[in-house]
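Notes for the structure review
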Amino acid sequence: MLSSFITMRCLALGLFCLLCCNAAQTYRRRPRPITARSNTTFPIKAVENPCKAIPLDFVFVIDSSRSIRPNDYEKVKTFIINLLQFLKIGYNATRVGLLQYGSVVQPEFSLSTYTTKSEVEKAVRNMEHLATGTMTGLAIQYTMDTAFTEEHGARPMNLHIPRIAMIVTDGRPQDTVEEIAAQARQAGIQIFAIGVGRVDMNTLRAIGSEPHSEHVHLVANFSQIETLISVFQSKLCGGSDMCEVVDHQCQHICVSSPASYRCKCREGYILNPDGKTCTAEDTCAVVDHGCEHICANLPRGYECRCRPGYQLTIDLKTCNRIDHCDLGNHGCEHNCVTVPESYICTCKRGYVLNLDGKTCSKIDHCADVAHGCEQEFMSTEDSCVCKCRKGYTLRPDGKTCKKIDHCADGTHGCEQEFMSTEDSCVCKCRKGYTLRPDGKTCQSLDLCQTVHHGCEHQCVSTNDSYICRCFEGFMLAEDGKSCKKPECSEGVMDLVFVIDGSKSLGPNNFELVKQFVNSIVDSLDISKMGTHVGLLQYSTKVRTEFTLGQYSTAQHIKSAVNRMQYMGRGSMTGSALRHMFESSFSTKEGGRFNIPRVSIVFTDGRSQDDVSEWATKAKNSGITIYALGVGKAIEQELREIASEPDEKHLYYAEDFEKMAEITKKLKSRICADKPSDENMCQCENMIMFQNQVTEKLKSLVQNIAAMSKRLETLENQLVHK
């Protein structure tokens, strides 16, 4: 820090001496820098610009990371506005662009956006702090690839307008800068790197142009950034010949530019990569190169080369004659023959050289169409020969063809039918049969007719096997062949499962609940005329998995249960009971008249809403509710849900391992309490019958009234006659 401060102080003293001779004349006209006070930028009075009219393409690249405090950010804006006072801004004068960067690059305005100083100042004042990361390398990449393109206002390179980028940063970059900064400088961009605070000086040197004493500056804090105004005034105004001011160390010639300088070599010399020293351009003329044929100058020396038709030997000085065919790049399709200083291509027997002198074409002996071939023909090296298509063979005349019958020898071994193809004899089967894997014998498509299936009721053939099925009212036994009646085969009901899918259950236990549902389904007589089953899953919301009228077989219901997706959220048991009461037993969802309604409610914890209201309404409407609780289920809630008496309708297990036991009890209870024809005499059905009779009586009364009116009309007609 101390060495940087001393360097900056010496530079300032040197610049001050250069400016002293013009100080008396320019002081009154020189605009005074604007200072940042209380985060406010004060406008300055318009004065005549004392700088020479040096056109520049000037882009500010401003660090807008979160490490810069708001008041320091305002000081940077003030610094920019003060620098603008030394520039003559206009379309044909200096063009100014600005971008700021954090984690991303944000262009504020391009070189072509504004043409007056007031517009640029206003845009700078309106900038907003990004307060994100420090991607300096990304910002330099954007400056090179986009900001200094003609599409964004930069003038063509052939006009030799200096391209200047001023980068202001206060921290270590989060990406690499060395390579991209070098590319930008090589592309002709002159970079000034200004560091504030704890910035690594090596990073600034990697960014800034050479010489670093002119292009790299470091100040202790944002309050001191204003001290650089006088330094950049001389650079931007072009008032000094840089070659006279600095120790340029150019070996031959120093050429000043508006804000820097470059080294140049005298004619016959080239500039070395260090940008300062020079090397003789014609090295071959000043050294004993020893080349047998040709000496060629290179940027850092020379190399020996050979005349056409020769190649350099291993000593890299002498030359040998080239065998052009051995080089492997002759491009001859067939043969290569070396001739003096070149080569020629030749073709193999039966081919002729094409006009390109490299490729060969086959001599077509069939081109005159005098071959007389019946089907196909082919030109060989010596003649045109006839061929036959696949499945045919050439006759002895060498021109005509006959079809090959692969089945003619009678060795095909086909059980039923056979057919000759192009390649072989293949076996076929008659309608109703299919070919076995041996490719010769056939089997019936209806396996139930050809095998001993052992099905007690029905055998149904599939593509390559068969399955057993039972008559309605029966279910397939474990052996897959015999049939048995369901445990509850005599009862008919509309049954709706209400299943808890809350997150306390867990995916593994949810699979056990699905097994519980399928176990109950297996014990019921599921059919169109028998028991119907629907299912709700609830969590924070209620979801109908399938309705009463959706499936009419136990297999379809079990498949639907297995497809259920675990919801895994809250536990709104009250909402589920309401949905069951209002919708699940409706005719729209498959509910039937005069059929007992039963609901099995499963839960594993406390409900997040009230259950008593809708449970009571459901039970009062004639729905029988079985409540099944596991684990942390609340006994009081289970009693409010279940129908009376509790000992018949309430079941509880401490954990899911004991579910099998209560499942068995519940199946026994449902079968023991199976609905009977006595249910038809329930009060609800009596009311329904009474309502139907009332409707019929109303219709009859209306018909009698209409008939009486017609009789009255007839009587009036008779009286008038």
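Residues numbered from 1 in each chain as written. Predicted model: local features only at pLDDT ≥ 70, side-chain atom pairs only at ≥ 80, totals over all residues. Heavy atoms only, no water.

1. Considerations on the pattern of salt bridges
The line we're drawing: Every case where a carboxyl oxygen of Asp or Glu lies within 4 Å of a side-chain nitrogen of Lys or Arg is listed as a salt bridge. Helix numbers and strand numbers start at the N terminus; a helix is a DSSP run of H or I with at least 4 residues, a strand a run of E with at least 2. Here's how the labels work: a residue is buried when its accessible area is under 20% of the maximum for its type, exposed when over 50%, partly exposed in between, all with a 1.4 Å probe on protein chains only.
Scanning the model with the defined rule gives 15 salt bridges in all. One salt bridge in this structure joins Lys 77 and Glu 74, with 3.3 Å as the shortest N-O distance. Taken together, the residues Lys 77 and Glu 74, both in helix H2 (residues 70–84) and three residues apart, mark about one turn of the helix. Lys 77 gets classed as buried once you look at its relative accessible area, which sits at 4%. Salt-bridge contacts for Asp 423 lead to Lys 390; the nearest nitrogen and oxygen are separated by 3.3 Å. Of this pair, Asp 423 sits in the loop between strand E23 (417–420) and strand E24 (425–428) while Lys 390 sits in the loop between strand E20 (384–387) and strand E21 (392–394), and the two are 33 residues apart along the sequence. On the basis of relative accessibility, which here comes to 51%, the residue Lys 390 falls in the exposed class. Salt bridges linked by common partners bring Arg 69, Asp 72 and Lys 75 together as one network.

2. Topic: the environment of Gly 568
Heads up, the condition is: Contacts were defined at the residue level, with two residues in contact if any of their heavy atoms lie within 4.5 Å.
Along the chain, the position of Gly 568 falls in the loop between helix H12 (554–563) and helix H13 (573–584). Sequence separation of Gly 568 and Pro 507 is 61 residues, and the distance between their C-alpha atoms is 8.0 Å. When sequence neighbours within four positions are dropped, the list of residues in contact with Gly 568 reads Gly 501, Ser 502, Lys 503 and Ser 539.

3. A few points about the sheet that holds strand E35 (residues 624–630)
Just so we agree on the cut-off: The rule for pairing is simple: two strands pair if DSSP sees at least two bridges between them. Only C-alpha atoms enter the line fits that serve as axes; for helices the fit covers just the stretch in contact. Angles between N-to-C directions range over 0 to 180 degrees.
Across the sheet, six strands lie side by side as E33-E32-E31-E34-E35-E36; this open sheet has mixed pairing. The two strands at the open ends of the sheet, each matched to only one other strand, are strand E33 (542–546) and strand E36 (650–653). Averaged over all neighbouring strand pairs, the angle between strand axes comes to 20 degrees, with direction disregarded. Pairing between strand E34 (residues 597–603) and E35: six bridges, direction parallel. Among the inter-strand pairings, Val 598 is bridged to a residue of E35, identified as Thr 624. Contacting strand E31 (494–500), strand E32 (532–538), E33, E34 and E35, H13 crosses the sheet at an angle of about 150 degrees to E32.

4. So, the packing of aromatic side chains
Put simply, the rule reads: Aromatic contacts are taken between Phe, Tyr and Trp rings whose centres are within 6.5 Å, Trp giving its six-membered ring; a plane angle under 30 degrees counts as stacked, one over 60 as edge-to-face, and the others as tilted. Two conditions define a charge sitting above a ring: the NZ of Lys or the CZ of Arg must be within 6 Å of the ring centre, and it must be within 35 degrees of the ring normal.
For the coordinates displayed, the defined rule picks out eight aromatic pairs. Taken together, a centroid distance of 5.6 Å and an interplanar angle of 65 degrees make the contact between Phe 546 and Tyr 551 edge-to-face. Judged by its relative accessible area of 2%, Phe 546 falls in the buried class. The class of Tyr 551 is buried, set by a relative accessible area of 18%. Here Phe 602 and Phe 656 contribute two aromatic rings whose centre-to-centre distance is 6.2 Å and whose plane-to-plane angle is 50 degrees, an arrangement assigned as tilted. You can see Phe 602 sitting in strand E34 and its partner Phe 656 sitting in the loop between E36 and helix H17 (659–672), a full 54 residues away along the chain. Each member of the pair, Phe 602 together with Phe 656, is buried. Each residue in the set Phe 497, Phe 516, Phe 602 and Phe 656 is aromatic and connected to the rest through ring pairs, giving one cluster. The aromatic ring of Trp 614 is capped on one face by Lys 617, whose charged end is 4.1 Å from the ring centroid.

5. Concerning the sheet that holds strand E5 (residues 189–196)
The six strands lie next to each other as E3-E2-E1-E4-E5-E6, forming an open sheet whose pairing is mixed. The strands lining the two open edges of the sheet, one partner per strand, are strand E3 (105–109) and strand E6 (216–219). The average undirected angle you get between the axes of adjacent strands in this sheet is 20 degrees. Relative to E6, E5 is paired through four bridges, and the arrangement is parallel. By the bridge assignment, Ala 193 is partnered in E6 with Val 216.

6. Observations regarding the pairing of strand E12 (residues 301–305)
Here five bridges tie strand E11 (residues 294–298) to E12, and the two strands are oriented antiparallel to one another. Of the residues in E12, the one forming a bridge with Asn 297 is Tyr 302.

7. Some remarks on unusual backbone geometry
In this structure, the amide linkage connecting Glu 210 to the following residue, Pro 211, adopts the cis form with an omega of -10 degrees. Inspection of the secondary structure puts Pro 211 in the loop between helix H6 (201–207) and helix H7 (212–215). Along the chain, Glu 644 connects to Pro 645 via a cis peptide bond; the corresponding omega equals 0 degrees. Positive phi, close to 60 degrees, is recorded for Ala 131, a residue that is not glycine. Residue placement: Ala 131 occurs in the loop between helix H3 (117–125) and helix H4 (136–147).

8. Quick look at the packing of H13 against helix H14 (residues 612–620)
To keep things clear, this is the line we draw: Here roughly perpendicular refers to angles of 65 to 115 degrees, roughly parallel to angles under 35, roughly antiparallel to angles over 145, and oblique to all remaining angles. Handedness of each helix crossing follows the sense of rotation of the near helix against the far helix: counterclockwise by less than a right angle gives left-handed, clockwise gives right-handed.
Following both chains from N to C, one finds H13 and H14 inclined at 25 degrees, their axes separated by 8 Å at the closest point. Taken together, H13 and H14 sit at an angle that is classed as roughly parallel. The element H13 and its partner H14 pack so that their crossing is left-handed. Residue-level inspection shows Gly 574, Leu 577, Arg 578, Met 580, Phe 581 and Glu 582 of H13 in contact with H14, the latter providing Trp 614, Ala 615, Lys 617 and Ala 618.

9. Observations concerning the state of the cysteines
Formally, a disulfide is one covalent bond, and it connects the sulfur atom of one cysteine to the sulfur atom of another. Formally: Disulfides are defined in this document as cysteine sulfur pairs within 2.5 Å.
Applying the stated rule across the entire model yields 16 disulfides. A disulfide bridge connects Cys 306 with Cys 319, and the sulfur atoms are separated by 1.9 Å. Handedness of the Cys 306-Cys 319 disulfide follows from its S-S torsion of about -90 degrees: it is left-handed. Here Cys 319 lies in strand E14 (residues 319–321) and Cys 306 lies in the loop between E12 and strand E13 (310–312), a separation of 13 residues in the sequence. In this structure Cys 306 comes out as buried when scored by relative accessible area, which is 17%.

10. Focus: the side chain of Asp 57
Stated precisely, the cut-off is as follows: Polar contacts here mean pairs of N or O atoms no more than 3.5 Å apart (in protein, one a potential hydrogen donor and the other a potential acceptor; neighbouring residues in sequence count only if both atoms are side-chain atoms).
Mapping Asp 57 onto the fold places it in strand E1 (residues 57–63). A distance of 2.7 Å separates the side chain of Asp 57 from the side chain of Arg 155, its partner in a polar contact. Ignoring sequence-local partners within four residues, the contact set of Asp 57 consists of Arg 95, Leu 111, Phe 148, Ala 154, Arg 155, Ile 161, Pro 162, Arg 163 and Ile 164.

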